[in-house]
Amino acid sequence: MNFHGEKRSNQTHESNTDPYARLPRKGPGKEAKLSYSGNLLVENRNGLIVSSMVWEATGTAEPLAAMAMLEQIPGTGRVTVGGDKGFDTAEFVRECRNMCVTPHVAQNLGRRGGSAIDGRTTQHVGYRLSQKKRKRIEECFGWLKTIALLSRVRHRGTLKVDWIFTFACAAYNLVRMRDLMVATVPAQ
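Scoring rules and cut-offs
Residues numbered from 1 in each chain as written. Predicted model: local features only at pLDDT ≥ 70, side-chain atom pairs only at ≥ 80, totals over all residues. Heavy atoms only, no water. Helix = DSSP H or I, 4+ residues; strand = E, 2+ residues; numbered from the N terminus. Buried < 20%, exposed > 50% of the residue type's maximum accessible area, 1.4 Å probe, protein only. Contact = heavy atoms within 4.5 Å. Pairing = 2+ DSSP bridges. Phe/Tyr/Trp six-rings, centres within 6.5 Å; stacked < 30°, edge-to-face > 60°.

Caption draft 1: Local environment of the side chain of Thr102. Secondary-structure assignment places Thr102 in strand β4 (residues 101–105). When its relative accessible area of 18% is taken as the criterion, Thr102 is described as buried. Other than its neighbours up to four places away in sequence, Thr102 contacts Arg78, Val79, Thr80 and Val81.

Caption draft 2: Just the environment of Glu62, in detail. Tracing the backbone shows Glu62 in helix α1 (residues 61–71). Glu62 gets classed as partly exposed once you look at its relative accessible area, which sits at 39%. Contact partners of Glu62, with chain neighbours within four places excluded, come to Ser37, Asn39 and Phe87.

Caption draft 3: Spotlight on the pairing of strand β3 (residues 79–83). As judged from the five bridges shared by β3 and β4, these two strands associate in the parallel manner. Bridge pairing in β4 places Gly83 opposite Val105.

Caption draft 4: Molecular detail of the packing of aromatic side chains. In total, this model carries three aromatic pairs according to the counting rule given. Ring centres of Phe87 and Phe92 lie 5.2 Å apart, and the angle between their planes is 55 degrees; on these two criteria the pair is classed as tilted. An angle of 65 degrees between the planes, with centres 5.4 Å apart, marks the rings of Trp143 and Tyr172 as edge-to-face. Of this pair, Trp143 sits in helix α5 (residues 136–146) while Tyr172 sits in helix α6 (residues 158–184), and the two are 29 residues apart along the sequence. Like Tyr172, Trp143 is buried.

Caption draft 5: Quick look at the pairing of strand β2 (residues 49–56). With seven bridges connecting them, strand β1 (residues 36–42) and β2 associate as antiparallel partners. Residue pairing across strands places Asn39 opposite Met53, the latter belonging to β2. Hairpin connection of β1 to β2: six residues between the antiparallel strands, including Gly47 at a positive phi of 75 degrees.

See below:
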């Protein structure tokens, strides 16, 4: 077919080698690239990856994956979850509270309608601490993209990409645990 002059979209363009990859944008004015959505759940204390999940890259993949991973957390105690401004939606905050998870997501005050996070959450010291610690997830993604070579995935299909993503996350945890052990053991 001749697509000259037409706008690219997931309905008109499909990869010949990987039909499950989608064309998301990182932001307005950015180019669309065929990719998947790799999602992580990281604990704040040591920066270890607790859960990982790969979904098709859609506009709602991150919050949906976060909800799926939060449902898998064992125990009945109350936990907190940090996130960027993309998670500051009324639906995500409501679902977190229904699951006894306190949402410590960054406030999106520039959005029409305001932030879904109110003063009940932001007044606590734990909220400010979560906002500092949530940047640890970027260290994980940086390692996965550079060291584990996941910036350009060499596998096709959601199941295979999820497998290699999970494998790389396990390798990251092993390296992180080694570094944590070296930091706690005194030099001899």
